[in-house]
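Spelled out, the chains give:
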Amino acid sequence: MEKYSRKSMKSKIKAICESQDKSIEVLSNKILEWKEEYLKGNIGKPYKTKTDVVNMVDENIADELAISILFTTILLGKNTFQSYIGHVASQINLEIESFRKAQLAAWVLAYCDGGAYDIIAPAIGSMMNYSVEPKISLSIEDSQELSRCFFLPPSKDKLNDWTNPFNGGYSFERSYAILGDSFNKHNYPIDLNTLNILQSVKYKLTNNVDTPQKLDEDATEDRVLQFALAEIQTRKVLKDYRDDEFSFVWKFDKRGRVYSCGYDINVQGDSYRKASLEFAKEEIVNESGLRWLKIDIANHYGLDKELWEDRVKFVDENDSILEALADKADEPLLYIQAVQAYRKAQRGLPTGYIVRLDATASGPQIMNTLFRDIEGMKYLNVLGDDTRYDLYTLVAKTMYENTKDSQIWRDLNGDFAKVRKTIKKPVMCSFYNSVSKPKEIFGENTIELQEFYKALKRYCEGALEVQDTINACWSNSKDVNIWTLPDGHTAYCPVSKVLESKIEIPEKGMKITYTHTVQRANFAESRSLCPNLVHSLDGYICREVVKRLNSKGIEVSPIHDSFGVHPNNCDELRRVYRELLAELYEADTLINLLKEITGSDINVDIPSADESIAQAIRDNVDGYYIC
C-alpha cells in the first residue's frame, strides 16, 4: 500500500532524476540560492508581500518545492507555463492564499529554468503562452505509477480513526477531512464518527474485475491511448488487491456529502468499479434478502421503474435463463454480479453482495418534504399508494401532451423513452437553479419552455417554493455561508470568484496572466446557495443512515442518495430512510437553516406538520422512495 504514497513517490522521483543527472538536491540548492539572491536585492525590486513569502522558504520547503517541480515536469510533460504554475502551487504546503502560492511557484520555476526543463518564450506577435519542455524522460510504466500517487487506492491495513480533521485515514499521509481547496478549511464541528464508521467497512474484489473495461465506440484516438495506459495501471492495482480485504478512506465535501478516496478501486466509480466490489463480511441470504436480490437483478436489467411484484415476477419466470439475458441488460456487469449472488443464495452459500437502493429524484423529494407539499410528496413516493411514480416520466408526459406537434419532438418519431431522456436533464438541473439547460433544450421565451415549467409546478410546487425561498436569502456581502445540520455537522460553503491577475516574474523578465479562484462575495454565485443547502440535507440523510444502521451492526456503502447494503438489510435500510423523511417533515428544518444562514428571523408560509401525515410516511412500507 505504501508504495503508492507520497513518500514512495518522492523516492521514485529521486531515483529517476538522479539516473538522468537531475538531482533533487541540486534543484533544492538552486531554490535556496534564489531566496538568497532575492533578499540581497539582486532579483528585481524587493517588496513586502513577496519578501514575506520568500522568507517562508527554508531547507524543508526548498526540498518539497524541488520534488513538486520534478514531479510536475514528469507528469505534465510539454505544457504551458501557466499549467506548471498551477500544478506546483497545488502542492505547496504553506498557510498562504492560493494566489501567493501561484506567485511562489512562478518565481521558483522561472529561476530554475534550464535544469530539468526549458521555458520557451512565444514568438513575438503570436498571442501564444510561454511553454515548458522537460529534459527528463521516463517509461510509460513509471509515468502511470507516478500519476496514481494523487489517487491512493484503498488500504489493506487498519486506517487511523479521525479524532480531529487532520489525523485520520492513511498512516503515512496527513490530509484534511474535507475535500477541495484551502478555502474549505474551518474550525466548526464536523461528523468524524461517520467517516470512522465508513472506513471500518471491509471490501473485497469480485470476479468481475477480470472482465476488461469497455470504451465508447466513438472515442477519439487520444482517448483510446489514455484509456489503454490507464488500463495498464488499473490491472496492476487490481492484481495487488485480488485476494485481500481492504477499506476506503472517506472524506466530506464542503456540504457534508461523503466520498470514498481512490481511483482504480472506488465505491463511487463507474459500473465496472461498482461491479468489482462486494462486502468482505458475508452472510447467508434469508427470505427477505432473496426477494431483494430478485428486485436488484430486475433493476439492472432495466425494470427499475416497474412495481415490486413485477420485478420479482421477471426473475421467477426467467430463473433458468437469467445468465443468457445478460447481453440485453441495461447494466450487464452489475446484472451478472447480481445473478451470481442470487445463484450462491439459492445454494445456501454466504455472500457479501451489495444491493443498492436509490432515492427517487432525491433533490425535489427532500424539497417537497421540507415544504410539506402533500401532493408533491406523493409524486416523489414519500407518501405511497400502489403506484410507482417517476418524476421525469410525469413531467415528460404532461409536457409532451401539450407540445406534441412541436419541432423539438419531430426527430424522435413518437419514441417516448427518448422524450423522457430529453426532459430528464432539464428537470434535474432546474431544482438546482439552472436556467441555461431548459433554455438550451426548449429555447428562450417559447411555448415549450412555458409548458416545461408548468409541468414542474404541477408535480413539485413545494420544491419550487423552497427554491425561491432559499434564493431570497442570498447576500452579496458574505464570502461564506455556514449552517448546522440536525446532526451537528457544519456545512461551510465559501463564495468564490474567478480572477485574472498579472504575475510579475523578474527572475525571467516575464509578466503573465494567471487565472485563479479567490474567496470573495459576488452576485455571480447567488444560484449556488439552493443546491448547496439541498445537497447538505442529502448528506445529512446519508450520514444518519450510516450511523443508525451501524448501531444495528449493518454496513452501508453509500453514493450520496444511493445506499448499498447486504440483501438481508434492505428492509431495515428503507425503514430508517422513511423515519428520516418523517423527521424532515415534522421539524422546521428549512426555517432553522435559513435563520442561521441569514442571522435573522425567516417567515415562510409552510403548512403546519400533521401527525397523521408523519405517521403515513413511517407506515409507507411498500413505497418507492428508494428503490
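Let me sum up the structure you'll find in this document. (Residues numbered from 1 in each chain as written. Predicted model: local features only at pLDDT ≥ 70, side-chain atom pairs only at ≥ 80, totals over all residues. Heavy atoms only, no water.)

Observations regarding the overall build of the protein chain
So, point 1. Along the protein chain, the regular secondary structure elements total 23 helices and 14 strands.
So, point 2. Out of the 627 residues belonging to the protein chain, those deemed buried represent 53%.
So, point 3. Relative to all contacts within the protein chain whose residues are 6 or more apart in sequence, the contacts with residues 24 or more apart total 70%.
So, point 4. For the protein chain, the exposed surface amounts to about 28,400 Å²; the carbon and sulfur share of it is 47%. (Helix = DSSP H or I, 4+ residues; strand = E, 2+ residues; numbered from the N terminus. Buried < 20%, exposed > 50% of the residue type's maximum accessible area, 1.4 Å probe, protein only. Contact = heavy atoms within 4.5 Å. Areas by Shrake-Rupley, 256 points an atom, 1.4 Å probe, with all protein chains shown as cover.)

Regarding the side chain of Asn 568
So, point 1. Tracing the backbone through its elements, the reader meets Asn 568 in the loop between β14 (562–565) and α21 (570–586).
So, point 2. Taking relative accessible area as the criterion, Asn 568 reaches 14% and is therefore assigned buried.
So, point 3. Reaching out from Asn 568, the side chain makes a polar contact with the backbone nitrogen of Asn 286 at a distance of 3.0 Å.
So, point 4. With sequence-adjacent residues up to four places away left out, Asn 568 is seen in contact with Glu 283, Ile 284, Val 285, Asn 286 and Gly 289. (Polar contact = N/O pair within 3.5 Å; in protein donor to acceptor, adjacent residues only side chain to side chain.)

Here we look at the packing of helix α11 (residues 287–303) against helix α12 (residues 308–317)
So, point 1. Relative to each other, α11 and α12 sit at 90°, their axes nearing to 8 Å. The angle between the axes of α11 and α12 places the two elements in the roughly perpendicular class. Residues Arg 291, Trp 292, Lys 294, Ile 295, Ile 297, Ala 298, Asn 299, Tyr 301 and Leu 303 of α11 touch α12, and the partners they reach there are Trp 308, Arg 311, Val 312, Phe 314, Val 315 and Asp 316.
So, point 2. Looking at the contact of α11 with α12 residue by residue, the classes come out as 10 nonpolar, 1 polar and 4 charged. (Axes fitted to C-alpha atoms, helices over the stretch in contact; angles between N-to-C directions. Parallel < 35°, antiparallel > 145°, perpendicular 65-115°, else oblique. Nonpolar A, V, L, I, M, F, W, Y, C, P; charged D, E, K, R; others polar.)

Some words on the nonpolar core
So, point 1. Counting residues in each nonpolar core, the largest one holds 141 residues, and the members touching the most others are Tyr 203 and Ile 423.
So, point 2. Tallying contributions element by element places helix α20 (residues 529–550) first for this core, with 11 residues. (Core = buried A, V, L, I, M, F, W, Y, C linked by side-chain atoms within 4.5 Å.)

Points about α21
So, point 1. When the terminal C-alpha atoms of α21 are compared, their 24 Å separation across 17 residues agrees well with the 24 Å that a helix rising 1.5 Å per residue should span.
So, point 2. Taken across its 17 residues, α21 has 12 buried, putting it largely inside the fold.
So, point 3. For α21, the set of buried residues is Cys 570, Glu 572, Leu 573, Arg 574, Val 576, Tyr 577, Arg 578, Leu 580, Leu 581, Ala 582, Leu 584 and Tyr 585. (Expected span 1.5 Å × (residues − 1).)

Quick word on a negative patch on the surface
So, point 1. There is a patch of like negative charges on the surface, built from Glu 306, Glu 309, Asp 310, Asp 385, Asp 386 and Asp 622.
So, point 2. By relative accessible area, which is 36% here, Glu 306 ends up partly exposed. (Patch = residues over 30% accessible without salt bridge, like charges linked within 9 Å, V, L, I, M, F, W, Y side chains within 5 Å. Salt bridge = Lys/Arg side-chain N within 4 Å of Asp/Glu carboxyl O. Lys, Arg positive; Asp, Glu negative; His and termini not counted. Charge placed at Lys NZ, Arg CZ, Asp CG, Glu CD.)

Quick notes on helix α19 (residues 447–471)
So, point 1. In a regular helix each residue adds 1.5 Å, so 25 residues correspond to 36 Å; α19 covers only 26 Å between its end C-alpha atoms and thus falls short of that length.
So, point 2. Where α19 bends most, the angle comes to about 100°, and this point is Cys 460. (Bend = angle between axes of the 7 residues up to and from the residue.)

A few points about the packing of aromatic side chains
So, point 1. The final tally for this structure, using the stated rule, is 19 aromatic pairs.
So, point 2. With centroids separated by 5.4 Å and ring planes inclined at 25°, the aromatic side chains of Tyr 170 and Phe 172 adopt a geometry described as stacked.
So, point 3. Ring geometry for Trp 292 against Trp 308: centres 5.2 Å apart, planes inclined by 75°, an arrangement best described as edge-to-face. Highlighted residues: Trp 292 in helix α11 and Trp 308 in helix α12, separated in sequence by 16 residues.
So, point 4. Residue classification places Trp 292 among the buried residues on the basis of a relative accessible area of 1%.
So, point 5. Chaining the aromatic ring pairs together yields one cluster made of Tyr 203, Tyr 241, Phe 246, Phe 248 and Phe 279.
So, point 6. Sitting over the face of the ring of Tyr 241, Lys 156 holds its NZ or CZ atom 4.8 Å from the ring centroid.
So, point 7. It is Lys 185 that lies over the ring of Tyr 176; its NZ or CZ is 5.7 Å from the centre. (Phe/Tyr/Trp six-rings, centres within 6.5 Å; stacked < 30°, edge-to-face > 60°. Lys NZ or Arg CZ within 6 Å of the ring centre and 35° of its normal.)

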